[in-house]
Amino acid sequence: MDYKQLIIRGISYSQTQSGAYALLLEHEETGVKLPVVIGNFEAQSISLGLEKDLRPPRPLTHDLFTKFVNSTHYTLESVIIYQIIDGVFFSNLNFKNTENGEELILDARTSDAVAMAVRFDAPIYTTEQVLNEAGILLEIDNNNELPEPETASESETSDLRKLSTEELQILLDDAVREEDYDAAMEIQEELKRRNKKID
């Protein structure tokens, strides 16, 4: 089957479901975006998986499963989003044993599959049929475009900008230790902004 590769475009607060997030996956060639509704825990887990240098003091569930998979000599080869029913995406995790080549396919929630993909740097694919169906859904919702991922409020961002890099690093360490990942991500963004200015 001719699979289409997707990239992660971002995570936004969901406008339709309170307390939920929308994970934006995109097919670069066509620009079709697949908005996948995910929970707060999965949103944090995907974000932390993308931020390779931000490590929680204790492993999250996806980190634990990643260590287990590695210990059994398997690696995640790819994630396939193979179906969409009533707006719900269905996915497979495709594992391969690095010693004997044995393949293993596990059914998974798409949010969990993406959280694993970012930890293994595994590609994410979908079918043309899913792209076509999701594309139709996106056209229906075109007047209600997803917002940019929300970060700190203007006052909070302003407060962070007043701090020195050393103070921000201390705050970041404290936030990670206390498992306040929302604050950690905001501080990380401010540090990245400063590093870009230096570059």
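Anyway, here's the lowdown on the structure attached to this text. (Residues numbered from 1 in each chain as written. Predicted model: local features only at pLDDT ≥ 70, side-chain atom pairs only at ≥ 80, totals over all residues. Heavy atoms only, no water.)

**Quick look at the sheet that holds strand β3 (residues 32-38)**
Strands sit in the order β3-β2-β1-β7-β4-β5-β6 across an open sheet of seven strands; the sheet is mixed. The open sheet has two edge strands with one neighbour each: β3 and β6 (103-109). Adjacent strand axes in the sheet meet at a mean angle of 35 degrees, parallel and antiparallel pairs treated alike. Note that strand β1 (residues 4-13) and strand β7 (residues 124-126) share three bridges and pair antiparallel. Residue pairing in the sheet places Leu6 in a bridge with Ile124 of β7. Packing of helix α3 (residues 110-120) onto the sheet brings it into contact with β1, β2 (21-27), β3, β4 (74-85), β5 (88-97), β6 and β7, and relative to β4 it is tilted by some 150 degrees. (Pairing = 2+ DSSP bridges. Helix = DSSP H or I, 4+ residues; strand = E, 2+ residues; numbered from the N terminus. Axes fitted to C-alpha atoms, helices over the stretch in contact; angles between N-to-C directions. Contact = heavy atoms within 4.5 Å.)

**Regarding the packing of aromatic side chains**
In this structure the tally under the stated criterion is three aromatic pairs. Between the aromatic rings of Tyr3 and Tyr125, the centroid separation amounts to 6.5 Å while the plane-to-plane angle is 40 degrees, which identifies the pairing as tilted. Of the two residues, Tyr3 sits in the segment before β1 while Tyr125 sits in strand β7, which places them 122 residues apart along the sequence. Residue classification places Tyr3 among the partly exposed residues on the basis of a relative accessible area of 35%. Taking the centre distance of 6.4 Å and the plane angle of 90 degrees together, the rings of Phe65 and Phe95 count as edge-to-face. Separated by 30 residues along the polypeptide, Phe65 in helix α2 (residues 61-71) and Phe95 in strand β5 bring together distant segments of the chain. The exposure class of Phe65 is partly exposed, given its relative accessible area of 31%. Residue Phe95 is classed as buried on the basis of its relative accessible area of 4%. Taken together, the aromatic side chains of Phe65, Phe68 and Phe95 make up a single cluster linked through ring pairs. (Phe/Tyr/Trp six-rings, centres within 6.5 Å; stacked < 30°, edge-to-face > 60°. Buried < 20%, exposed > 50% of the residue type's maximum accessible area, 1.4 Å probe, protein only.)

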